[in-house]
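Below, each chain spelled out in residue letters.
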Amino acid sequence: MPHALITGVTGQDGAYLARLLLGKGYRVFGLLRRSASADVVGERLRWLGIEGRVEMLDADLSDLASILRAIEAAQPDEIYNLGAQSFVKTSWTQPILTGQVTGLGAVNMLEATRLVAPRARFYQASSSEMYGLIQRPVQDEATPFYPRSPYAAAKLYAHWMTVNYRESFGLHASSGILFNHESPLRGIEFVTRKITDGVARIRLGLAEALPLGNLDATRDWGHAADYVEAMWLMLQQEQPGDYVVATGRTTSVREFCRLAFAHAGLDWERHVRVDPAFLRPAEVDVLRGDATRARRVLGWAPRTSLEEMVAEMVEADLRRHRERADRPSRGPGPPP
Ligand code: NAP
Ligand code: GDP
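What comes next concerns the included structure. (Residues numbered from 1 in each chain as written. Chains lettered and ligands numbered in written order. Predicted model: local features only at pLDDT ≥ 70, side-chain atom pairs only at ≥ 80, totals over all residues. Heavy atoms only, no water.)

**Quick notes on the packing of helix H7 (residues 191-203) against helix H9 (residues 253-263)**
It is the contact of H7 with H9, at a shortest axis distance of 10 Å, that shows an interaxial angle of 35 degrees. The interaxial crossing formed by H7 with H9 has right-handed handedness. The residues of H9 that touch H7, namely those facing Val 191, Thr 192, Ile 195, Thr 196, Val 199 and Ile 202, are Val 253, Phe 256, Cys 257, Ala 260 and Phe 261. Looking at the contact of H7 with H9 residue by residue, the classes come out as 9 nonpolar, 2 polar and no charged. (Axes fitted to C-alpha atoms, helices over the stretch in contact; angles between N-to-C directions. Helix = DSSP H or I, 4+ residues; strand = E, 2+ residues; numbered from the N terminus. Left-handed = near helix turned anticlockwise from the far one by under 90°. Contact = heavy atoms within 4.5 Å. Nonpolar A, V, L, I, M, F, W, Y, C, P; charged D, E, K, R; others polar.)

See the structure below:
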């Protein structure tokens, strides 16, 4: 039975990846950082019906010794480094922490792998945010990077360190340059989930308006469940490498609003307000990826259309809010 270790297993991608690997017969270990709040472990894993099947190991990406112990305990054949301070806007208010966790945390993982599990295959969660101020209208593995936030700069450092460990020490280390991917398990602060949650609250009479920032930004949005398959495929290749994972279609925040509100029978223009509080010091205006290499080498292609994903997310948020209303005494109900 192959062993996999996932950092960030309590996040969106970690949960979907854990489900995928369990389904393939892996023994799955997850890194869990200490929290004073109860039940941060189970939220997403429970949603996917795999709570209790992932073996949790206490560690933090900023603490090398704890990572060494986790890798020794898991004896992994595959290591997926998905843990990060992943929210771009927070990276301007916490740039140092973002550098330590999203940037140096990846180096801690690479160094620990080199020291105690050099034969393990390593996946680094790189990001289309690294393209930032885009240098080509459509971005692929050869497009120059131009990071526009502390998050993107930290990810770029981690990306190059992954390439460096591959070339210097022969690690089977791959970097997936994933464009935005969403799902009902997306963090509530990201724009897609903020919109679908807002739609549900407005539909159910719990709110009137939805404040947003830049409606003109466009993103290449795919579904997280599709994208974790690409991660796994990268580690099944004989040779490690870097791959763009994207749908090739870009859509504005405005259009995402229109689709999501329309799914619930609402007119977005009656509810969405632009609030400058949600604008950013520097913006990534447009992202659109070319996943030809992933298609050709990995045989990967996205399965879920944007319309299908929007419908799934709105329905999930309607369900969450209805369940919450049915169980008021149990606090905020089934997150995230
Ligand atoms: P997410 O939902 O925000 O999950 C982040 C995970 O990192 C959580 O499990 C979190 O743990 C963990 N984490 C944060 N700080 C940590 C620390 N100091 N030590 C150990 N773990 C820590 O992110 P996601 O959307 O699943 O994304 C997965 C990865 O892909 C991230 O690296 C992200 O930056 C990258 N990425 C995402 C996208 C996207 O569109 N989703 C696109 C490109 C790249 P807690 O639960 O305890 O907070
Ligand atoms: P990102 O691409 O990783 O920064 O993902 P987000 O979902 O956080 O943001 C995607 C785009 O939506 C960015 O260009 C944001 O400026 C834009 N956006 C507009 N309004 C909002 C908002 O209220 N919240 C967030 N998170 N993003 C917003």
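Moving on from the model shown.
**Some details on the site of ligand 2**
Near ligand 2 there are 18 residues, and of these Glu 129, Lys 194, Gly 213, Arg 280 and Glu 283 occur at the shortest range. Interatomic distance of 3.0 Å between a side-chain N/O atom of Asn 180 and an oxygen atom of ligand 2. Residue Val 191 places a main-chain N or O atom 2.9 Å away from an oxygen atom belonging to ligand 2. Expressed as a share of its isolated accessible area of 530 Å², the protein-covered part of ligand 2 is 97%. For the shell around ligand 2, the per-class residue count stands at 9 nonpolar, 3 polar and 6 charged. (Near = heavy atom within 4 Å. Polar contact = N/O pair within 3.5 Å; in protein donor to acceptor, adjacent residues only side chain to side chain. Areas by Shrake-Rupley, 256 points an atom, 1.4 Å probe, with all protein chains shown as cover.)

**Observations regarding the site of ligand 1**
Inspection of the region around ligand 1 gives 24 residues, with Thr 10, Asp 13, Arg 33, Ser 86 and Tyr 151 positioned closest. Residue Gly 8 places a main-chain N or O atom 3.4 Å away from an oxygen atom belonging to ligand 1. The side chain of Arg 186 places a nitrogen or oxygen atom 3.0 Å from a nitrogen atom of ligand 1. Within the complex, 89% of the 910 Å² of free accessible area of ligand 1 lies under protein.

**Considerations on the pattern of salt bridges**
With the rule as written, the count across this model stands at 15 salt bridges. Glu 255 is the partner of Arg 258 in a salt bridge, and the nearest nitrogen-oxygen pair spans 2.9 Å. Of this pair, Arg 258 and Glu 255 both sit in helix H9, 3 residues apart, which is roughly one turn of the helix. Here Arg 258 falls in the partly exposed class, since its relative accessible area comes to 38%. (Salt bridge = Lys/Arg side-chain N within 4 Å of Asp/Glu carboxyl O. Buried < 20%, exposed > 50% of the residue type's maximum accessible area, 1.4 Å probe, protein only.)

**Focus: helix H5 (residues 95-116)**
Between its first and last C-alpha atoms H5 spans 30 Å; for 22 residues at 1.5 Å apiece the expected length is 32 Å, and the two agree. Of all bends in H5, the biggest is about 40 degrees, found at Leu 104. (Expected span 1.5 Å × (residues − 1). Bend = angle between axes of the 7 residues up to and from the residue.)

**What to know about the side chain of Ser 174**
Here Ser 174 is to be found in strand S6 (residues 172-178). Overall, Ser 174 belongs to the buried group, its relative accessible area being 0%. Looking at Ser 174, its side chain comes within polar contact range of the main-chain nitrogen of Gly 241, at 3.1 Å. The residues contacting Ser 174, other than those within four sequence positions of it, are Phe 122, Tyr 123, Gln 124, Thr 162, Arg 166, Met 234, Leu 235, Pro 240, Gly 241 and Asp 242.

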